[in-house]
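Chain by chain, the residues run as shown.
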Amino acid sequence: DGRLTFYPGNQTVDLPFINLMKRYGTVFLNAYTNSPICCPSRAAMWSGLFTHLTESWNNFKGLDPDYVTWMDLMEKHGYHTQKYGKLDYTSGHHSVSNRVEAWTRDVDFLLRQEGRPMVNLTGDRKHVRVMEADWRNTDKAVNWIKEEAINLTQPFVLYLGLNLPHPYPSPYAGENFGSSTFLTSPYWLEKVTYEAIKIPKWSSLSEMHPVDYYSSYTKNCTGEFTKQEVRNIRAFYYAMCAETDAMLGEVISALRDIGILKKTIVIFTADHGELAMEHRQFYKMSMYEGSSHVPLLVMGPGVKEQQQVPNVVSLVDIYPTMLDIARIPVPQNLSGYSLMPLLRGKAETQVSPREPRPSWVLSEFHGCNVNSSTYMLRTGKWKYIAYSDGHSVLPQLFDLAADPDELTNVAIKFPVIVRSLDKTLRSVVNYPKVSSSVQEYNRRQFISWKESLGQNYSNVIANLRWHQDWLKEPKKYENAIDRWL
């Protein structure tokens, strides 16, 4: 959650290396994902293209394996490149459940797809390495810096992808049932200031926007939660962020140890945030701030120190920025704009050969846990969220200056603003057309998957992540699918 990198969010947990990056670099106050879910977000970051252009509609569908990323171009231009950890931007990953839930989101049924969010404390006050796989990848990156980077005669670019701070799989909920366990150790939990944790306000279920209700239900969050449960989930999430910060610290320390920190640009960002029980949801897949607002901090040569940038930016800006750093000509077809002018603290107009950066960013979502394609335009104090074809589901409009918690949809109150923002949105993406092509894609994919299973179809679909609900009334849900088809 990007809001943890600046005030007031950063009062809740000690993040020493994020703070170091703020002191010696620039923090973006309004950085957004282009799609609040792993694979589509990463596809946008690696390609510099909006989601409707990559057609990365869900966690299964990303870029083609041979897509030319910014890292490929940097390698072609003489950079030594190295990747460790989670990449997840090409097609074919994630579970069958993930795919089928995305394809069947237009079916007229409601099934829980996640375990109820909960916390789990492990180990003792000395237990530092909770997320072992991430630590192993961090060690690999650190060793590479100390053993390889130190001897290079050419410039290098190193990518380290972490899984944290991501909830863990929930074995208590039976096989194949989502990741809804917030897990940490007392060592990290002690870094969290419990008194500073804000308990989010919830609307009653009957007042929720219909898409939010669907999300809350499929994420198993419509039951009763005590304040203590909510506070714990949030605290454990912040503790997981503290562990992530320590991994960032290992990389920064390695660069400092071999004497190249001052010659190296360091960028810290994320594919999406975590709602941690805001809006009666956990996880991502939402345009609310907890899910769509990502951290973006940059430090290094040429980057202004102690700078806070208020401009809206998004992950598609990483591609042109990386090329700009490497002085490689930036392709004209990209959705993003180089962040270098902002990082140097200069006015855009002095330096940009391209038309100036737009005053808005776009995020869109077409995957599971949400029963409609969703489009978010963020500009000035406004966040406008349009759904589906633009009229069958009511839009949302939030004034983030007056209502930072996004509790009051003011779309009906400001029809002129809605019309103007909708016009801008349509000039960027013909969203009714995109929504309709996603619906067709979902049906096609589902039909070919169903046919590939043959006689086995009923048994397989009954035992996906929604099995606990499905098995109560299997015929009812199969009939709903038949009606949809």
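For the structure, check the block above.
Keep in mind it's a predicted model, so treat the numbers as computed, not measured.

Rules used throughout
Residues numbered from 1 in each chain as written. Predicted model: local features only at pLDDT ≥ 70, side-chain atom pairs only at ≥ 80, totals over all residues. Heavy atoms only, no water. Phe/Tyr/Trp six-rings, centres within 6.5 Å; stacked < 30°, edge-to-face > 60°. Helix = DSSP H or I, 4+ residues; strand = E, 2+ residues; numbered from the N terminus. Lys NZ or Arg CZ within 6 Å of the ring centre and 35° of its normal. 1 Å grid on protein atoms, 1.4 Å probe; cavity = no way out; pocket = protein on both sides within 12 Å on 5 of 7 lines; lining within 4 Å. Points joined across faces, edges and corners; volume = space filled by probe spheres on them. Nonpolar A, V, L, I, M, F, W, Y, C, P; charged D, E, K, R; others polar. Salt bridge = Lys/Arg side-chain N within 4 Å of Asp/Glu carboxyl O. Buried < 20%, exposed > 50% of the residue type's maximum accessible area, 1.4 Å probe, protein only.

Topic: the packing of aromatic side chains
Here the structure, examined in full by the defined rule, presents 23 aromatic pairs. A ring pair is formed by Y375 and Y431, whose centres lie 5.2 Å apart and whose planes are at 40 degrees; its orientation type is tilted. One end of the pair, Y375, is in strand β11 (residues 374-379); the other, Y431, is in helix α15 (residues 431-453), and 56 residues separate them in sequence. A network of ring pairs unites the aromatic residues W103, F446, W449, Y457 and W484 as a single cluster. A cation over an aromatic ring shows up here: R116 above the ring of F225, its NZ or CZ 3.9 Å from the ring centre. Cation over ring: K450 sits above Y457, and NZ or CZ is 4.8 Å from the ring centre.

Brief notes about empty space enclosed by the protein
Taken as a whole and judged by the stated rule, the model has two cavities of 30 Å³ or more. Roughly 90 Å³ of internal volume is contained in the largest cavity. Forming the boundary of the largest cavity are 13 residues, of which V211, D212, S286, M287 and Y387 lie nearest the centre. If you list the elements that add at least two residues to the lining of the largest cavity, you get α8 (210-218) and β12 (382-387). Broken down by element, the residue count for the lining of the largest cavity peaks at three residues, all from α8. Class assignment of the residues belonging to the lining of the largest cavity gives a composition of seven nonpolar, five polar and one charged. Estimated volume of the second largest cavity: approximately 80 Å³. Elements with a contribution of two residues or more to the lining of the second largest cavity: β9 (307-314) and β10 (360-365). Residues belonging to the lining of the second largest cavity are distributed by class as follows: eight nonpolar, three polar and two charged.

What about the pattern of salt bridges?
Taken as a whole, this structure holds 20 salt bridges when the rule is applied. Taking the shortest distance from any N to any O, the salt bridge between E229 and R116 comes out at 2.9 Å. One end of the pair, E229, is in helix α9 (residues 227-257); the other, R116, is in the loop between α5 (96-103) and β3 (118-121), and 113 residues separate them in sequence. A relative accessible area of 29% places E229 in the partly exposed class. Salt-bridge contacts for E478 lead to K475; the nearest nitrogen and oxygen are separated by 3.8 Å. Placement of the pair is E478 and K475 together in helix α18 (residues 474-484), with a separation of three residues, close to one helical turn. Beyond isolated ion pairs, a larger network of salt bridges with shared partners links D1, R3, R234 and E278.

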